[in-house]
Amino acid sequence: MAHTSTPYERFKTLLEETMNHLKLTLEERKPFLEPQHIHRKELTLTRDDGSSATFPAFRVQYNNARGPYKGGIRYHPLADEDEVKALAALMAIKTAVVGIPFGGAKGGIQCDPKALSKRELQDLSRAYVRAFKDHLSPDIDVPAPDVNTNPDIMAWMRDEYEKITRTYAPALITGKPLSYGGSLGRDTATARGGFFILQEFVNLEGKDADDLRVVIQGFGNAGANMAHLLHNAGYTVIGLSDSHGGIYSEEGLDPVRIEKYKHRTGSITGEYCEGSVCDIDKMKMDNVRTVTNEELLELPCDILIPAALDNVITEKNAGRIRAKYILELANGPTTPEADAALRKKGVTLIPDVLMNAGGVTVSYFEWTQGRSGEQWTAEYVDNELKRIMLDAFRAVRKEVSRSGLTYRQAAFVLGVRRMLEAMHARGWISDATAIAAGSRGRRRSFR
Ligand code: NAD
């Protein structure tokens, strides 16, 4: 497999394989190769000390064949155009896989939000909306939170947009606070959506929750909510981590207790260690040991759930992974090289574009509520989320059984095919021989 280095190159590797598998014509391939629009701006911020600072900002609109562009805005020192491009493309595949009427986009500001005061953060967020206002609207491009952005930021952004455009626009942006147009169930949607898939997968594999040991990397929105759901459903959560490191117990960890530790000490390991000095007796008493994040991924377990960062399972550690199943709640945790190595080892992996699509699915519910003025109950949100996630999982699994593809390959085939069908329906692709992906016969072009 070719060496891939940047996030967009990694996306392209999988895309090329998918397009070969579907035998797309040159004309059909073209709209997938690059985003439809890349918007770049420099945002200027007056700092609290009176000085002025500028920050590169992006909005990448990959494809809107199936509906308005949709995707979060990330604040991070390393957020750059290539990363935002890759995330925008993955969003388009994801919305197609779960069959919601959106395209794919992503935004980013290259900044360290932890170094900004709340006033500065608000001004920067409002500046983002002023810079990109012509490209955003409930019918054109609908942003949402991503890494280091939250409901407060979404509220400031909606407010800024409504002020500038003198409109009422609750459907402009999703992930808003409940008091200002948010949806019930959005806060736990990503973990819940993944949990529905995991339960279905475990049933189909003929396994029992009681017999399964789970390790989760990341104890934030996605990881912590998943840990609670799994613990309550009878799974044994044996390993958990955050950015400071992890803990492991063969007997199982109680996520409620761990959450209290984290709250009290600022980290999962803080109850046992201060820096590198650890209380061995206390660890022995609780039957836990601390592990690094690298060690955590290599623990013997049945299910490994990366729920923190991208690029954590690579060709370097894939050979040492001992999980039987990997379920990707994080975006892009596994490199294509690691994917191939894991497949050889017989590890089954459920990919990000399916596994973590619960977040964007409930964002779609929020957008729908914003447009209609309705307020859905938590129960209705949960039932609809379950229906959509299970439909998507079954469609991907059908492709797996039919073509012998991995779940990631099958999800990409499904997503690309649905996008292509929309592009044909809209007359964007003129090739008369095109589409008929199903009637072209199958070709094993994935490695
Ligand atoms: P978050 O900021 O709430 O939590 C991230 C967690 O990862 C924190 O516990 C943090 O301590 C931990 N972490 C950071 N660096 C780490 C490291 N080096 N090793 C181990 N852990 C580390 O973020 P989140 O919303 O839970 O998102 C996590 C992942 O899930 C991201 O890849 C994100 O793109 C993806 N995701 C989230 C959502 C959502 O709705 N929250 C939706 C789709 C995808």
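Residues numbered from 1 in each chain as written. Predicted model: local features only at pLDDT ≥ 70, side-chain atom pairs only at ≥ 80, totals over all residues. Heavy atoms only, no water.

### A closer look at the domain arrangement of the protein chain
Okay, step 1: Its domain assignment divides the protein chain into domain 1 (1-31 + 413-447), domain 2 (34-174) and domain 3 (189-355).
Okay, step 2: Taking the mean C-alpha position of each, domain 2 and domain 3 sit 30 Å from one another.
Okay, step 3: Counting residues at the interface gives six residues for domain 2 and five residues for domain 3.
Okay, step 4: Our count for the contact surface shared by domain 2 and domain 3 stands at zero salt bridges.
Okay, step 5: The interface formed by domain 2 and domain 3 contains one residue pair in polar contact (both at pLDDT 80 or more).
Okay, step 6: Tallied by class, the residues present in the side of domain 2 that touches domain 3 amount to four nonpolar, no polar and two charged. (Domains from an automatic or database assignment. Contact = heavy atoms within 4.5 Å. Salt bridge = Lys/Arg side-chain N within 4 Å of Asp/Glu carboxyl O. Polar contact = N/O pair within 3.5 Å; in protein donor to acceptor, adjacent residues only side chain to side chain. Nonpolar A, V, L, I, M, F, W, Y, C, P; charged D, E, K, R; others polar.)

### As for the site of the ligand
Okay, step 1: Near the ligand lie 20 residues; those nearest to it are Thr190, Phe219, Asn221, Ala222 and Asn293.
Okay, step 2: Here an oxygen atom of the ligand and a backbone polar atom of Ala222 are 2.8 Å apart.
Okay, step 3: Contact between the ligand and Ala308: an oxygen atom at 3.3 Å from a main-chain N or O atom of the residue.
Okay, step 4: When the ligand sits alone it has 820 Å² of accessible area, and the protein chains cover 74% of it. (Near = heavy atom within 4 Å. Areas by Shrake-Rupley, 256 points an atom, 1.4 Å probe, with all protein chains shown as cover.)

### Brief notes about the sheet that holds strand 8 (residues 245-248)
Okay, step 1: Strand order in the open sheet formed by seven strands is 11-8-7-6-12-13-14, with mixed pairing between adjacent strands. What marks the edges here is a single partner per strand, and that holds for strand 11 (289-291) and strand 14 (348-350). For this sheet the average axis-to-axis angle between neighbouring strands, irrespective of direction, equals 20°. (Pairing = 2+ DSSP bridges. Helix = DSSP H or I, 4+ residues; strand = E, 2+ residues; numbered from the N terminus. Axes fitted to C-alpha atoms, helices over the stretch in contact; angles between N-to-C directions.)

### Describing the pattern of salt bridges
Okay, step 1: Scanning the entire structure with this criterion turns up 38 salt bridges.
Okay, step 2: A salt bridge links Glu34 to Lys85; the nearest nitrogen and oxygen atoms lie 3.0 Å apart. Linking Glu34 in the loop between helix 2 (26-33) and strand 1 (37-46) with Lys85 in helix 3 (residues 81-97), this pair joins segments that are 51 residues apart in sequence.
Okay, step 3: Looking at Lys85, the relative accessible area reads 11%, which means it is buried.
Okay, step 4: The network of salt bridges with shared partners includes Arg126, Arg130, Asp159, Glu160 and Lys163. (Buried < 20%, exposed > 50% of the residue type's maximum accessible area, 1.4 Å probe, protein only.)

### Considering the packing of helix 1 (residues 7-21) against helix 2
Okay, step 1: Where helix 1 meets helix 2, the axes come as close as 11 Å, and the angle between the chain directions of the two elements is 160°. Here helix 2 runs roughly antiparallel to helix 1, going by the angle between their axes. Relative to helix 2, the crossing made by helix 1 is right-handed. Along the contact surface, helix 1 presents Tyr8, Lys12, Leu15, Glu16, Met19 and Asn20, while helix 2 presents Arg29, Phe32 and Leu33.
Okay, step 2: Split into classes, the residues belonging to the contact of helix 1 with helix 2 amount to five nonpolar, one polar and three charged. (Parallel < 35°, antiparallel > 145°, perpendicular 65-115°, else oblique. Left-handed = near helix turned anticlockwise from the far one by under 90°.)

### Concerning the environment of Asn311
Okay, step 1: Relative to the assigned elements, Asn311 resides in the loop between strand 12 (303-306) and strand 13 (325-327).
Okay, step 2: Sequence separation between Asn311 and Ala224 is 87 residues, and the spatial gap between their C-alpha atoms is 20 Å.
Okay, step 3: Discounting residues that sit within four places of it in the chain, Asn311 has contacts with Arg10, Gly332, Pro333 and Thr335.

### Examining the environment of Thr406
Okay, step 1: Relative to the elements of secondary structure, Thr406 occurs in the loop between helix 14 (378-403) and helix 15 (407-425).
Okay, step 2: Classification of Thr406 by relative accessible area gives partly exposed; the value is 23%.
Okay, step 3: Distance from Thr406 to Pro351, taken between C-alpha atoms, is 9.3 Å for residues 55 residues apart in sequence.
Okay, step 4: Excluding residues that lie within four positions of it along the chain, Thr406 makes contacts with Arg343 and Val400.

### Let's talk about the packing of aromatic side chains
Okay, step 1: Under the counting rule described, the total for this entry stands at 14 aromatic pairs.
Okay, step 2: The interplanar angle of 50° and the centroid separation of 4.6 Å between the aromatic rings of Tyr128 and Phe132 together place this pair among those described as tilted. Taken together, the residues span about one helical turn, with Tyr128 and Phe132 both in helix 4 (residues 118-132) at a distance of four residues.
Okay, step 3: Tyr128 gets classed as buried once you look at its relative accessible area, which sits at 0%.
Okay, step 4: Accessibility expressed as a relative area gives 0% for Phe132, which makes it buried.
Okay, step 5: Note on Phe365 and Trp376: the rings are 5.0 Å apart at their centroids and 40° apart in plane angle, and the pair reads as tilted. Within this pair, whereas Phe365 is found in helix 13 (residues 358-372), its partner Trp376 is found in the loop between helix 13 and helix 14, the two being separated by eleven residues in sequence. Residues Phe365 and Trp376 agree in their burial class; the two are buried.
Okay, step 6: Three or more aromatic residues link up through ring pairs in this structure, and these residues are Phe102, Tyr364, Phe365, Trp367, Trp376 and Tyr380. (Phe/Tyr/Trp six-rings, centres within 6.5 Å; stacked < 30°, edge-to-face > 60°.)

### Let's talk about the sheet that holds strand 1
Okay, step 1: As summarised here, the arrangement of the five strands in space is 1-2-4-3-5, forming an open sheet in which the pairing is mixed. Two strands lie at the open edges of the sheet, namely strand 1 and strand 5 (141-145), each paired on one side alone. For this sheet the average axis-to-axis angle between neighbouring strands, irrespective of direction, equals 20°.

### Observations regarding the nonpolar core
Nonpolar side chains in soluble globular proteins generally cluster together in the buried interior.
Okay, step 1: By size, the foremost hydrophobic cluster in this structure holds 96 residues, and its most contacted members are Phe32, Tyr62, Met226, Leu230, Tyr235, Ile303 and Ile305.
Okay, step 2: When residues of this core are assigned to their parent elements, the largest contribution, eleven residues, is made by helix 15.
Okay, step 3: Of all hydrophobic cores here, the second largest spans 25 residues; its members include Leu121, Leu124, Met154 and Trp156. (Core = buried A, V, L, I, M, F, W, Y, C linked by side-chain atoms within 4.5 Å.)

### A word on the state of the cysteines
Okay, step 1: Under the counting rule described, the total for this entry stands at one disulfide.
Okay, step 2: The partner cysteine of Cys273 in its disulfide is Cys278, sulfur to sulfur 2.1 Å. Looking down the S-S bond of the Cys273 and Cys278 bridge, the torsion is 105°, so its handedness is right-handed.
Okay, step 3: According to the relative accessible area criterion, Cys273 is buried, its value standing at 11%.
Okay, step 4: Here Cys278 falls in the partly exposed class, since its relative accessible area comes to 28%. (Disulfide = S-S within 2.5 Å.)

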